[in-house]
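Structural characterization, general
In case you want the letters, here they are:
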Amino acid sequence: MSPLANPQASAARRHLLNDRNAERYRRDLTAGIDRVARRLTRTDAPFTGITPARLAAEIAAVDLDVPLGDPATALDELEEVYLRDAVYFHHPRYLAHLNCPVVIPALLGEAVLAAVNSSLDTWDQSAGATLIERRVIDWTADRIGLGADADGVFTSGGTQSNLQALLLARDEACELAAKNAPTPLGKHEILPRLRILASEVSHFSVRTAAELLGLGPDAVVAVECDRERRMRPAALAREIDRCRSADELVMAVVATAGTTDFGSIDPLPQIADLCRWAGAWMHVDAAYGCGLLVSRTRRHLLDGIEHADSVTVDYHKSFFQPVSSSAVLVRDRATLRHVTYHADYLNPARTTEPNQVDKSLQTTRRFDALKLWLTLRIMGADAVGALFDEVIDQAAEAWRLLEDDPRFEVVAKSDLSTLVFRWRPPGPVDHPIDHGLADAANLHAREAIAAAGEAIVAATVVDGRHYLKFTLLNPETSLDDIAYVLDVLAEQAERFVSREVTRVRAS
């Protein structure tokens with residue numbers, strides 16, 4: 001039976017986006033946008049506090065083999081299983097992770113790219129989209145200062161960007177080691193000697209990348225940090241010397257421009273000097289700190305990034321873009337050959353067309369660059385930078401608030417917009433039991449405030465102790481919001497300790 005004679009296929013075709021269904025497309029998407037807009041206007045907390053078990057039961061009850069038939073009914077259901085209990089990053093008391101509220105021009109780009117559905121692997125699937133992505137990459141490379149030979153590609157996020165950068169570093173190191181060896185040397189003989197030097201608070205994706213690249217977790221050497229959680233150049237120099245003495249090859253040094261917990265920026269100029277001295281690839285993980293590229297007052301905090309061999313940027317962190325929007329950039333486009341493979345059906349070696357798959361770990365890939373393109377064309381880079389500056393100013397005010405509050409201790413003053421702190425019980429805390437009680441109180445306070453839906457706060461571990469964390473990426477968050485959350489956290493922690501003390505005395 002042909003599709004034209006199949007009643008089910010005929011009915012299904014009305015859901016395809018094409019010239020005949022353009023009005024349906026406009027109507028259905030407008031209905032969806034209206035639902036989200038209404039939900040935004042009546043959301044008074046970042047989260048409802050629903051438990052995984054309760055929500056899982058509601059979602060499990062949905063029979064995916066029985067369609068609802070119309071968008072309105074499906075949107076009604078979506079209200080119950082998603083929109084009602086979503087975590088809303090736009091709310092000023094969402095203070096947890098590196099999730100930003102998104103700018104409307106980027107959402108416009110998201111709507112356009114999803115409908116046209118270009119795939120950025122080859123020119124014949126994307127045309128102008130390829131050139132727009134290349135233009136955005138060139139703009140970013142120019143902001144970094146990588147030079148005329150720079151290039152790059154959009155990725156799914158910082159983890160993929162770090163993986164690709166370290167893959168390039170690995171293969172460059174292997175080529176150099178094989179070239180300089182007095183006798184033929186196989187890659188399998190070189191890999192066990194390769195080392196990646198990164199600060200002790202670098203992102204876990206560096207270790208993940210080492211595993212995926214066949215190096216193993218021991219290949220990543222943690223370099224000591226100072227009190228502000230920045231890599232110590234002297235410690236880096238010692239590790240480079242130690243590697244040389246042990247006949248190990250430093251394939252890359254990973255400097256972080258904005259650590260996830262502390263917002264600290266490693267001393268990039270000194271690290272660049274040491275990389276030149278050691279002949280090592282310098283990778284800068286600027287997934288968080290890349291927003292400084294468009295800051296009119298703090299761009300100097302990234303001085304030295306221009307010496308990097310590769311850079312990770314996450315626009316979906318500090319450029320206020322929807323997930324995903326990230327890129328890896330390289331100083332020398334020739335190094336991208338390490339991820340180039342030719343398939344006769346897709347990107348044959350004979351073609352002269354600009355094919356982005358030649359630079360990417362991915363094949364099929366979304367046109368995420370359009371979101372940033374429209375943001376720059378409608379708002380402009382200075383406006384994005386002003387928003388990022390605002391949250392950094394906000395963090396500085398919150399740090400002063402914490403410093404002056406005897407109920408809390410704060411670890412370090414951030415270069416960016418994170419604050420790691422903890423509630424401390426009154427009086428001295430110098431016994432392991434006291435520390436354990438304080439740890440438990442902080443964890444309880446975080447869970448209680450989330451369960452009540454009042455705020456979302458992150459948690460981390462510093463020197464073996466449990467701490468709380470604010471990640472400020474919403475310019476709409478006020479000092480009053482922060483003070484309110486601190487009061488609730490302290491109240492919850494105090495109640496927990498009081499209950500525990502009473503329980504212990506009664507036992």
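Residues numbered from 1 in each chain as written. Predicted model: local features only at pLDDT ≥ 70, side-chain atom pairs only at ≥ 80, totals over all residues. Heavy atoms only, no water.

1. A short note on the sheet that holds strand β7 (residues 310-314)
Here seven strands make up an open sheet; going across it, the order is β2-β8-β7-β6-β5-β3-β4 and the pairing mixed. Looking at strand neighbours, the two that pair on one side only are β2 (151-155) and β4 (220-223), the edges of this open sheet. When strand polarity is set aside, the average angle formed by the axes of neighbouring strands in this sheet is 20 degrees. Summarising the sheet, β2 and strand β8 (residues 326-330) pair through five bridges and their orientation is antiparallel. Pairing of Gly 152 across the sheet is with Leu 329, part of β8. Strands β2, β3 (194-199), β5 (249-256), β6 (281-286), β7 and β8 of the sheet are contacted by helix α7 (residues 158-180), whose axis makes an angle of about 155 degrees with β5. (Pairing = 2+ DSSP bridges. Helix = DSSP H or I, 4+ residues; strand = E, 2+ residues; numbered from the N terminus. Axes fitted to C-alpha atoms, helices over the stretch in contact; angles between N-to-C directions. Contact = heavy atoms within 4.5 Å.)

2. Some details on the sheet that holds strand β1 (residues 94-95)
The strand order across the open sheet built from five strands is β1-β11-β12-β10-β9, with neighbouring strands paired in mixed fashion. Strand pairing shows two members of the sheet lacking a second neighbour, β1 and β9 (408-410), which therefore form its edges. Sitting on the sheet, helix α14 (residues 381-403) touches β9 and β10 (418-423), and the angle it makes with β10 is about 20 degrees. Each of β1, β9, β10, β11 (456-462) and β12 (465-471) is contacted by helix α16 (residues 479-506), which is oriented at about 30 degrees to β10, the strand it contacts most.

3. Quick word on unusual backbone geometry
Geometrically, the link from Val 323 to Ser 324 is a cis peptide bond, its omega value of 0 degrees lying close to zero. If you trace the backbone, Ser 324 turns up in the loop between α12 (315-318) and β8. Positive phi, normally seen in glycine, also occurs at Asp 247, with a value near 60 degrees. Summarising the element assignment, Asp 247 is placed in the loop between α10 (233-245) and β5. In this structure, Asp 463 takes a positive phi of about 50 degrees despite not being glycine. Residue position: Asp 463 is located in the loop between β11 and β12.

4. Comments concerning the side chain of Arg 170
Among the secondary structure elements, Arg 170 is positioned in helix α7. Relative accessible area serves as the criterion here: at 12%, Arg 170 is assigned to the buried category. Looking at Arg 170, its side chain comes within polar contact range of the side chain of Asp 171, at 2.8 Å. Setting aside residues up to four positions removed in sequence, Arg 170 forms contacts with Lys 187, Leu 191, Leu 194, Leu 213, Leu 215 and Met 251. (Buried < 20%, exposed > 50% of the residue type's maximum accessible area, 1.4 Å probe, protein only. Polar contact = N/O pair within 3.5 Å; in protein donor to acceptor, adjacent residues only side chain to side chain.)

5. Overview of the packing of aromatic side chains
Aromatic ring pairs: the centre-centre distance and the angle between the two ring planes describe each pair. Summed over the entire model, instances satisfying the criterion amount to six aromatic pairs. On the basis of an interplanar angle of 50 degrees and a centroid distance of 4.8 Å, the ring pair of Phe 89 and Tyr 94 is categorised as tilted. Between Phe 408 and Phe 421, the ring centres sit 5.7 Å apart and the planes meet at 75 degrees, which makes this aromatic pair edge-to-face. Of this pair, Phe 408 sits in strand β9 while Phe 421 sits in strand β10, placing them 13 residues apart in sequence. Residue Phe 408 shares its accessibility class with Phe 421, and that shared class is buried. Through successive ring pairs, a cluster of aromatic residues spans Trp 139, Phe 154, Tyr 315 and Phe 319. (Phe/Tyr/Trp six-rings, centres within 6.5 Å; stacked < 30°, edge-to-face > 60°.)

6. Observations regarding α10
Over its 13 residues, α10 runs 18 Å from end to end, which matches the ideal 18 Å to within 8%, given 1.5 Å per residue. Three or more residues of α10 are buried, namely Ala 235, Leu 236, Ala 237, Glu 239, Ile 240 and Cys 243. The secondary structure elements touched by the buried residues of α10 are β3, β4, β5 and α11 (268-278). Residue Asp 247 follows α10 closely and has a positive phi angle near 60 degrees. (Expected span 1.5 Å × (residues − 1).)

7. Observations regarding a nonpolar patch on the surface
A cluster of nonpolar side chains, namely Leu 17, Tyr 25, Leu 29 and Ile 33, defines an oily patch on the protein surface of about 360 Å² accessible area. In this fold, Leu 29 is placed in helix α2 (residues 22-42). Residue Leu 29 is classed as partly exposed on the basis of its relative accessible area of 39%. (Patch = residues over 30% accessible without salt bridge, like charges linked within 9 Å, V, L, I, M, F, W, Y side chains within 5 Å. Areas by Shrake-Rupley, 256 points an atom, 1.4 Å probe, with all protein chains shown as cover. Salt bridge = Lys/Arg side-chain N within 4 Å of Asp/Glu carboxyl O.)

8. Concerning the nonpolar core
Counting 66 residues, the largest nonpolar core has Leu 197, Leu 236, Val 284, Val 311, Val 313 and Phe 388 as the members making the most contacts within it. Sorting elements by how many residues they give to this core places helix α6 (residues 128-144) first, with six residues. Apart from residues lying up to four places away in sequence, Leu 197 is in contact with Val 221, Val 223, Leu 236, Glu 239, Ile 240, Cys 243, Val 250, Ala 252, Val 253 and Val 254. (Core = buried A, V, L, I, M, F, W, Y, C linked by side-chain atoms within 4.5 Å.)

9. Topic: the environment of Phe 154
With respect to the secondary-structure elements, Phe 154 resides in strand β2. The class of Phe 154 is buried, set by a relative accessible area of 1%. In the structure, Phe 154 is positioned 60 residues away from Tyr 94 in sequence and 27 Å away in space, judged by C-alpha atoms. For Phe 154, the contacting residues outside a window of four places in its chain are Glu 133, Val 136, Ile 137, Tyr 315, Ser 325, Ser 326, Ala 327, Gln 362, Arg 365, Asp 368 and Ala 369.

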